[in-house]
Amino acid sequence: MNDILPIILSIVAALAVIGGLIPVLLKTRKNITQYPGTRDANDPPTPQGGGTLLEDAPVVPAERNAPAGVDLEDLEVTDVPDDVAGLETIQVETPLPVAGRLTRLRERLVRSNNILGKSLLALLSSDKIDESVWDEVEETLLLADLGTEPTMQLVDALRERVKILGTRTPEQVKALLREELIKLVDPTMDRALRTDRHADKPAVVLVVGVNGVGKTTTVGKLARVLVAEDKDVLLGAADTFRAAAAEQLATWGQRVGVPTVKSDVDGADPASVAYEAVKAGIDQEVDVVMIDTAGRLQNKTGLMDELGKVKRVIEKLAEVDEVLLVLDATTGQNGLNQARVFSEVVNITGIVLTKLDGTAKGGIVVAIQKSLGVPVKLIGLGEGADDLAPFEVEGFVDALLN
């Protein structure tokens with residue numbers, strides 16, 4: 001009996017330790033934070049599971065109701081309700097109207113180092129336009145990343161116009177150059193963003209591109225554009241490979257009161273995060289769900305296949321209305337190569353050109369459109385939060401020539 005007693009005590013002690021660990025193990029899984037903000041009364045809470053959570057939109061205590069006869073500014077921190085106390089307070093910003101952005105961006109283009117427009121005007125205003133001048137015109141256009149075929153098309157058109165015109169004033173040269181450039185940039189292309197909510201589902205926008213082009217920043221800036229248009233937006237952080245990408249996107253969202261669906265697990269499956277984001281957008285009846293994806297090299301087959309998987313998984317829930325490819329305007333021919341490969345995988349519907357801070361490389365707009373048959377829909381100039389605007393053909397050409 002004495003020999004058995006120590007064994008029994010050891011077993012009891014082991015069971016006690018295991019019993020104490022069970023509650024700890026059960027608490028290790030994070031719960032999904034319920035969707036912030038007030039929606040329709042029949043909106044269900046975000047479902048549990050999936051390894052994702054909804055990043056709370058910013059809490060602004062000043063928006064709550066003060067007790068009768070009490071000024072909000074006189075309230076102490078202890079007056080904040082229990083469900084708000086302790087949360088970080090972030091002031092929600094009001095994005096600039098889209099119309100104001102277009103005017104400001106045009107002015108910035110005009111002030112930029114406008115080598116392309118000035119060079120062309122100077123060459124075509126020469127008293128004598130011989131073959132050497134036309135060679136310089138051609139070289140100027142090629143250096144501006146216009147591309148070989150569009151360059152020859154424009155030069156041929158200008159040759160014919162100048163021959164017919166004969167004597168030319170600077171004003172006449174500017175007018176004919178404006179006409180031909182507008183034709184080349186093609187105002188007939190549909191540049192509207194398909195972000196209108198469907199009858200029972202949100203519009204879904206998938207944003208793709210290689211590393212370093214400003215994809216996550218572009219998603220954040222586009223969210224501001226949509227909020228300025230009074231749309232209800234939800235972001236999905238499907239870039240699960242880059243450190244801090246999800247937090248970066250969530251911060252952009254918080255600044256304009258937009259929630260972000262992100263994973264609580266490092267290196268999570270991006271398709272799963274995208275799926276949960278769209279599901280949350282459907283449940284919460286938002287207008288637009290925007291999905292940020294990981295930057296990927298266009299020559300890496302596995303990564304490109306995964307991008308195709310993200311799109312297919314989303315389409316189990318809703319149609320993908322827009323696939324926007326973000327390109328760095330300064331990359332030239334490399335940007336064209338990227339665009340071609342991405343278009344084969346996910347059917348690009350529009351281009352976002354970032355870093356178009358000057359118009360010296362403005363020809364990339366034409367080159368991309370000619371190569372893919374896909375319109376440039378948005379352009380980014382500068383680092384400001386509201387330095388993204390819809391692309392406008394005539395405004396862009398006028399900026400080239402002023």
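Predicted model, so just to flag it, every value in this text is computed and none were measured. (Residues numbered from 1 in each chain as written. Predicted model: local features only at pLDDT ≥ 70, side-chain atom pairs only at ≥ 80, totals over all residues. Heavy atoms only, no water.)

1. Considering the packing of aromatic side chains
Here is step 1 of the chain: Under the counting rule described, the total for this entry stands at one aromatic pair.
Here is step 2 of the chain: An angle of 55° between the planes, with centres 5.2 Å apart, marks the rings of F391 and F396 as tilted.
Here is step 3 of the chain: Note on F391: relative accessible area 5%, which makes it buried.
Here is step 4 of the chain: Look at F396 and you get buried, because its relative accessible area is 3%.
Here is step 5 of the chain: Above the plane of the ring of W252 lies R255, whose end atom (NZ or CZ) is 5.0 Å from the centre. (Phe/Tyr/Trp six-rings, centres within 6.5 Å; stacked < 30°, edge-to-face > 60°. Buried < 20%, exposed > 50% of the residue type's maximum accessible area, 1.4 Å probe, protein only. Lys NZ or Arg CZ within 6 Å of the ring centre and 35° of its normal.)

2. Focus on the environment of K221
Here is step 1 of the chain: By secondary structure assignment, the location of K221 is in helix 7 (residues 215–228).
Here is step 2 of the chain: Accessibility expressed as a relative area gives 8% for K221, which makes it buried. (Helix = DSSP H or I, 4+ residues; strand = E, 2+ residues; numbered from the N terminus.)

3. Here we look at helix 8 (residues 245–255)
Here is step 1 of the chain: Of the positions making up helix 8, those classed as buried are A245, A246, L249, A250, W252, G253 and Q254.
Here is step 2 of the chain: Where helix 8 terminates, the next one or two residues include G257, which has phi positive at roughly 75°.

4. Topic: the confidence of the model for the protein chain
Here is step 1 of the chain: When pLDDT is averaged along the protein chain, the result is 75, and 68% of the positions lie at 70 or above.
Here is step 2 of the chain: For the protein chain, the element scoring lowest by mean pLDDT is helix 1 (residues 4–26), at 54; strand 2 (residues 203–208) scores highest, at 95.
Here is step 3 of the chain: Scored below 50 in pLDDT, residues 21–51 shows 51 contacts in the model against residues more than four places distant or in partner chains.
Here is step 4 of the chain: When the criterion is pLDDT under 50, residues 56–87 qualifies, and its contacts beyond four places in sequence or with other chains add up to 32 contacts. (pLDDT = per-residue confidence, 0-100. Contact = heavy atoms within 4.5 Å.)

5. Some thoughts on helix 12 (residues 364–372)
Here is step 1 of the chain: Of all nine residues making up helix 12, seven are buried, and the element is well covered by its neighbours.
Here is step 2 of the chain: Taken residue by residue, helix 12 has I364, V365, V366, A367, I368, Q369 and L372 as its buried positions.
Here is step 3 of the chain: One or two steps after helix 12, the chain reaches G373, where phi turns positive at roughly 70°.

6. Concerning the pairing of strand 5 (residues 288–293)
Here is step 1 of the chain: Most of strand 5 sits out of view: six of its six residues are buried.
Here is step 2 of the chain: A two-sided burial pattern is seen for strand 5, the buried positions comprising V288, M290 and D292 on one face and V289, I291 and T293 on the other.
Here is step 3 of the chain: Taken together, the five bridges between strand 2 and strand 5 define a ladder with parallel strand orientation. The residue of strand 5 that forms the bridge with L206 is I291.
Here is step 4 of the chain: With six bridges connecting them, strand 3 (residues 233–238) and strand 5 associate as parallel partners. (Pairing = 2+ DSSP bridges.)

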